[in-house]
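What follows is the residue order along each chain.
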There are 2 protein chains.
Amino acid sequence: MTPTTDPSTLRPLWPDSDARRFHVVDQTLLPHSFVTVAIDTPELAAHAIRTMQVRGAPLIGATAAYGLALAARRDAGDGHLGDWVRELKSTRPTAVKLAWAVDRVATALVGIAPPNRAATAWAEAGRIADEDVAANEAIGDHGAALLRDIHAGHPERPLQVLTHCNAGALATVGWGTALAPVYRAHAAGLPIHVWVDETRPRNQGASLTAWELAHFGVPHTVVVDNAGGHLMQHGRVDVVIVGADRVSVQGDVCNKIGTYLKALAAADNGIPFYAAVPSSTIDRTVANAFADIPIEERSGDEVAWIRGRDSDGRVRDVRLIPDGSPVANPAFDVTPARLVTRIVTERGACAPGELRRLFG
Amino acid sequence: MTPTTDPSTLRPLWPDSDARRFHVVDQTLLPHSFVTVAIDTPELAAHAIRTMQVRGAPLIGATAAYGLALAARRDAGDGHLGDWVRELKSTRPTAVKLAWAVDRVATALVGIAPPNRAATAWAEAGRIADEDVAANEAIGDHGAALLRDIHAGHPERPLQVLTHCNAGALATVGWGTALAPVYRAHAAGLPIHVWVDETRPRNQGASLTAWELAHFGVPHTVVVDNAGGHLMQHGRVDVVIVGADRVSVQGDVCNKIGTYLKALAAADNGIPFYAAVPSSTIDRTVANAFADIPIEERSGDEVAWIRGRDSDGRVRDVRLIPDGSPVANPAFDVTPARLVTRIVTERGACAPGELRRLFG
């Protein structure tokens, strides 16, 4: 991985040509070290999702799809596959794309004789991965057009984008969702600067988004999650773009915890707020996003402990919080559609109220 | 420092009886170790404020007041004292109480012969410290009455308070501002639970508020700054209470970065938002809080590096952010009066719109 101006080159997941193994970047070790992990069993695929070696809705979807293909290679019987469909879906609760990808591979196996299932499943996982890259590239083009329009209103200065968490190439099979428009606009010469929310507790912004943007030479500045409202009040943010783990067909956006606070600040300051998602992230089954989307409650240790590099360059985990203090760690929140300006999908950008007509 | 049920016992600043030295708790080392620092020169006082061994508007005010008294002991001439008035005021820019305390000591010396100035200044600093404790105790009583009223609406469950940063005993000479009502209500038997915002980048919530609340046995849970909006959406917060570094007479509240985001979420969910401050924190000179209050921009290292305790119990600093990524670190933001339900001072609680009539 050497610096490049081409974001299409960054793939955090790729299959071996022999269809027996795929590889992922272990994102728990970034930005301090770049290590890849070979995955050749469904157990390792489930482990990678659970431990967040892979994260980001599109990427965990692709990982689960390949995981089910690996399960089919071991035993393509209906009972075994059904067990792994359930097991892989249970690894994370919030992102709808995980279940979508597993179901898509399972559906592709209907009517396929067991001896052919492993190859069919592997090919379907590959299509899911390839389609993700293509969808994100299209999201990038549609989103970049919106960014150019906003910049045209003040061509004398760079466009100021704020993003939360990591919805970049590392969150997908390629390009990213929220960052795809940034990459496409930057490649096309639009002057752009990205405010990167740190994104506590797992710091995907400071660890992953900052790493990606530095990698591709996109000007950016890391800020704590608390800073975005102040920046918006002072005219230092032109647009907010985030990804999402699930978007209800009503236009409510479930994404990393803290997204709702940024959407409130954007609305309070008249700043457009975009969610960029492949259409497979839109959930047609949710009637009330606030009641029906399961919000993952993760371990308090993710808040109490943090990983960094000491002055000798050694990566260490340190505890931040007094031993006697309990910790809660909800991982996602829901931003109501009324605070969302546009949903950007591979088919174009629309108001959240149009989702049902377009995708319902 | 052993656990106690009496929050009036926690003093992060106290003078020696010989009027030559005062002591502070080094808050950069909490919650990992409890170390006190003896201060016997104005240089050490300025250093304690600049390096945030002491922080919190009331506490830095008292520290600066004693610092000026130590300067008067060394040389009570007008030139020397004028230099130290300027030097001490320059240590932090945002909290109005710092300048207020320095000016008050300086004013007390007007017409005092130089040989008597050190004793006069020391006595005035002591009055500032004592008045702070008394004001905060009164804030506690007025605020506790508001908390009881809110709890009366749902007496079947504990009152859920959310606070940002540390406006507890450690931020003042005693009792705290935002936490004084919590302590008074808890002591009176009100069932109460506090959500403690971590408060990046310096983690005053996770490090100091959690430590204080554990110390006094007040039920609490630490959450990342991103979580508050989600908790409010789900009915898990009844009231938000914060302190402030400066409140404009129009009712705009300048406080730790991120306060504005919590105020937006409180307003969006119909939850009362209180700022608890001694009246000396109200600035009558500010015409436009967003333009006129200087927002301190602190070192990016506060974001890039963090201090914690490793698994061997050793306190270490670790770097979180890739070397190639710039960092910005604005330390405060301004919450507009329209988002503030009540300002609680030692004289009682009022709507922000009443401040000018009461204190203008």
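Our structure's up above, just so we're on the same page.
Keep in mind it's a predicted model, so treat the numbers as computed, not measured. (Residues numbered from 1 in each chain as written. Chains lettered and ligands numbered in written order. Predicted model: local features only at pLDDT ≥ 70, side-chain atom pairs only at ≥ 80, totals over all residues. Heavy atoms only, no water.)

**Thoughts on the interface of chain A and chain B**
Condition: Residues are treated as being in contact if the distance between any of their heavy atoms lies within 4.5 Å. Note: buried area is the sum, over both parts, of the accessible area (probe 1.4 Å) each one loses when the two are combined. The salt bridge criterion pairs a side-chain nitrogen of Lys or Arg with a carboxyl oxygen of Asp or Glu, the two atoms within 4 Å. Pairs of N or O atoms are called polar contacts if they sit within 3.5 Å, as long as, within protein, a hydrogen donor faces a hydrogen acceptor (for residues adjacent in sequence, only side-chain-to-side-chain pairs).
With 63 residues of chain A at the contact, the number on the chain B side is 64 residues. Of the roughly 4900 Å² buried where chain A meets chain B, counting both sides, 60% is carbon and sulfur surface. Counting the surface chain A buries against chain B, the share from its top three residues, Asn226(A), Leu261(A) and Arg309(A), is 14%. The interface formed by chain A and chain B holds six salt bridges in total. As a salt-bridge pair, Arg200(A) and Glu198(B) come within 2.3 Å of each other at their nearest N and O atoms. Inspection of the region where chain A meets chain B yields 26 residue pairs in polar contact (both at pLDDT 80 or more).

**Some remarks on helix H7 (residues 204–215) of chain A**
Residue and element names in this part refer to chain A. To keep it simple, the criterion reads: Here a strand is any run of E in DSSP of at least two residues, a helix any run of H or I of at least four, and the numbering for each starts at the N terminus. Here the expected span of a helix is defined as 1.5 Å times the quantity of residues minus one. Buried means the residue's accessible area, taken with a 1.4 Å probe over protein chains only, is under 20% of the maximum for its type, while exposed means over 50%, and partly exposed covers the values in between.
With twelve residues, H7 should cover 16 Å at 1.5 Å per step; its first-to-last C-alpha distance of 15 Å lies within 8% of that length. The buried fraction of H7 is high, at eleven of twelve residues. Burial in H7 covers these residues: Gln204, Gly205, Ala206, Ser207, Leu208, Thr209, Ala210, Trp211, Glu212, Leu213 and His215. Where H7 is buried, its residues contact strand E4 (159–163), helix H6 (179–187), strand E5 (192–197), strand E6 (220–223) and strand E9 (253–256). Taken from the residues just after H7, glycine 217 is the one with a positive phi, measuring 70°.

**Comments concerning the pattern of salt bridges**
Residues and elements named next belong to chain A. One pass over the full model with this rule turns up 52 salt bridges over all chains. One salt bridge in this structure joins lysine 89 and aspartate 103, with 2.6 Å as the shortest N-O distance. In this pair, lysine 89 sits in helix H3 (residues 78–89) while aspartate 103 sits in helix H4 (residues 96–108), placing the two residues 14 residues apart along the sequence. On the basis of relative accessible area, aspartate 103 is assigned to the partly exposed category, the value being 32%.

**Details of the sheet that holds strand E1 (residues 13–15) of chain B**
Strand pairing in a sheet relies on backbone hydrogen bonds. The paired strands run either parallel or antiparallel. Residues and elements named next belong to chain B. Rules: Whether two strands pair depends on DSSP finding at least two bridges between them. Simply put, an axis is a line fit to the C-alpha atoms, just over the touching stretch for a helix, and the angle between two N-to-C directions goes from 0 to 180 degrees.
One open sheet accounts for three strands, arranged E1-E2-E3; its pairing is antiparallel. Each edge of the open sheet carries a strand with a single partner, namely E1 and strand E3 (36–39). Put simply, the sheet's adjacent strands are angled 20° from each other on average, direction ignored. Note: E1 against strand E2 (residues 22–25), three bridges, orientation antiparallel. If you follow leucine 13 over to E2, its bridge partner there is valine 24.

**Regarding the pairing of strand E7 (residues 239–242) of chain A**
Across a regular strand the side chains alternate sides, sitting on one face of the sheet and then on the other. All names here are of chain A. Side-chain alternation along E7 places Val239 and Ile241 on one buried face and Val240 and Val242 on a second face that is also buried. In terms of strand pairing, E4 meets E7 through two bridges, oriented parallel. Each residue of the ladder has a partner; that of leucine 162, found in E7, is valine 240. As paired elements, E7 and strand E10 (residues 273–276) share three bridges and run parallel to each other. Considered in E10, the bridge of valine 240 is made with phenylalanine 273.

**Comments concerning the sheet that holds strand E16 (residues 348–350) of chain B**
Residue and element names in this part refer to chain B. With mixed pairing, seven strands are arranged side by side in an open sheet as E6-E5-E4-E7-E10-E15-E16. Taken across any chain shown, the strands that pair with only one partner, and hence form the sheet edges, are strand E6 (220–223) and E16. With direction set aside, neighbouring strand axes in the sheet form an average angle of 25°. Seen against the sheet, helix H6 (residues 179–187) touches strand E4 (159–163) and strand E5 (192–197) and runs at an angle of roughly 155° to E5.

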